[in-house]
Amino acid sequence: IGIAAVNTGNNILYILLSFLLSLMGISSFVALYNLRGLKFRFIPSSEVWCCKENPFRVVIFNKKKLPSFLLKFIFPSKEELFSPFITRITQGKVFIKPNKRGIYKIDEVIVESDFPFGFFTRRKILRPNIEILVFPQPKEIKMPHSLKDSQIFREEKEITKGNNFLKKSLIG
């Protein structure tokens, strides 16, 4: 557009080019301001289990006078929390599935915003330094539904019947 404006001497093209460039500059500065002044707390559930999705509450604090828009929080395990509008305090929930037991560390959370026009995606890295104890993966134990189904009860029943037990042992 700029080359065409120079070649033709058309002032409308100069105005259009300068408008587009200023729009890109404004978009960049507004996106940077959108990420400024954000803090967050990460609140895990009382028990966190390995290989299961565990709910975590995320509380986002905005310390600016103006709200923040269209923010995406990306956690180390690639879970994402999208928040379209953040005033002073906003809460959200993210499900995290640790793949091993022990201490689970969240060293950094990436906050992205492409507000206002989507020309640029700005990122900010928050470092919460959170450590969470992850319990081992729960295993399912199959228990008999009633005492009658248990192996011990069936053996005792056959021994006490006497006649039936002798018949079964003589025939079988």
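Residues numbered from 1 in each chain as written. Predicted model: local features only at pLDDT ≥ 70, side-chain atom pairs only at ≥ 80, totals over all residues. Heavy atoms only, no water.

Some details on the overall build of the protein
- Looking only at helices and strands, the protein has four helices and 10 strands in total.
- Of the regular secondary structure in the protein, the N- to C-terminal order runs α-α-β-β-β-β-β-β-β-β-β-β-α-α.
- Across the 172 residues in the protein, those meeting the buried criterion constitute 26%.
- Total accessible area on the protein stands at roughly 12,500 Å², and carbon and sulfur atoms take up 60% of it. (Helix = DSSP H or I, 4+ residues; strand = E, 2+ residues; numbered from the N terminus. Buried < 20%, exposed > 50% of the residue type's maximum accessible area, 1.4 Å probe, protein only. Areas by Shrake-Rupley, 256 points an atom, 1.4 Å probe, with all protein chains shown as cover.)

A few points about the side chain of Lys 64
- For Lys 64, the location among the structural elements is in the loop between β3 (54–62) and β4 (68–74).
- Within the structure, the side chain of Lys 64 is placed 3.5 Å from the backbone oxygen of Tyr 33, a separation counted as a polar contact.
- Leaving out residues up to four positions away in the same chain, Lys 64 has contacts with Tyr 33, Asn 34, Arg 36, Gly 37 and Arg 88. (Polar contact = N/O pair within 3.5 Å; in protein donor to acceptor, adjacent residues only side chain to side chain. Contact = heavy atoms within 4.5 Å.)

Some words on the pattern of salt bridges
- Following the criterion strictly, the structure yields four salt bridges and no others.
- Between Lys 105 and Glu 131 there is a salt bridge; the shortest N-O distance is 3.9 Å. Of this pair, Lys 105 sits in strand β7 (residues 102–106) while Glu 131 sits in strand β10 (residues 130–135), and the two are 26 residues apart along the sequence.
- As a salt-bridge pair, Arg 127 and Glu 108 come within 3.0 Å of each other at their nearest N and O atoms. Taken together, the positions of Arg 127 in the loop between β9 (122–126) and β10 and Glu 108 in the loop between β7 and β8 (109–113) put the pair 19 residues apart, joining distant regions of the chain.
- With relative accessibility at 55%, the residue Arg 127 sits in the exposed group.
- Look at Glu 108 and you get partly exposed, because its relative accessible area is 31%.
- Among the ionic contacts, a cluster of salt bridges with common partners joins Lys 72, Glu 112 and Arg 123. (Salt bridge = Lys/Arg side-chain N within 4 Å of Asp/Glu carboxyl O.)

Points about a nonpolar patch on the surface
- Residues Leu 21, Met 24, Phe 117 and Phe 119 make up a contiguous nonpolar surface patch of roughly 410 Å² in combined accessible area.
- Relative to the assigned elements, Met 24 resides in helix α2 (residues 11–35). (Patch = residues over 30% accessible without salt bridge, like charges linked within 9 Å, V, L, I, M, F, W, Y side chains within 5 Å.)

Examining the sheet that holds β8
- Here four strands make up an open sheet; going across it, the order is β5-β4-β8-β9 and the pairing antiparallel. Strand pairing shows two members of the sheet lacking a second neighbour, β5 (80–86) and β9, which therefore form its edges. Across this sheet, the average inter-strand angle for adjacent strands is 25 degrees, counted without regard to direction.
- Inspection of the sheet shows β8 paired to β9 by five bridges, in the antiparallel sense. The partner of Ile 110 across the bridge, within β9, is Ile 125.
- Along the sheet, α2 contacts β4, β8 and β9; its crossing angle with β9, the most-contacted strand, is approximately 20 degrees. (Pairing = 2+ DSSP bridges. Axes fitted to C-alpha atoms, helices over the stretch in contact; angles between N-to-C directions.)

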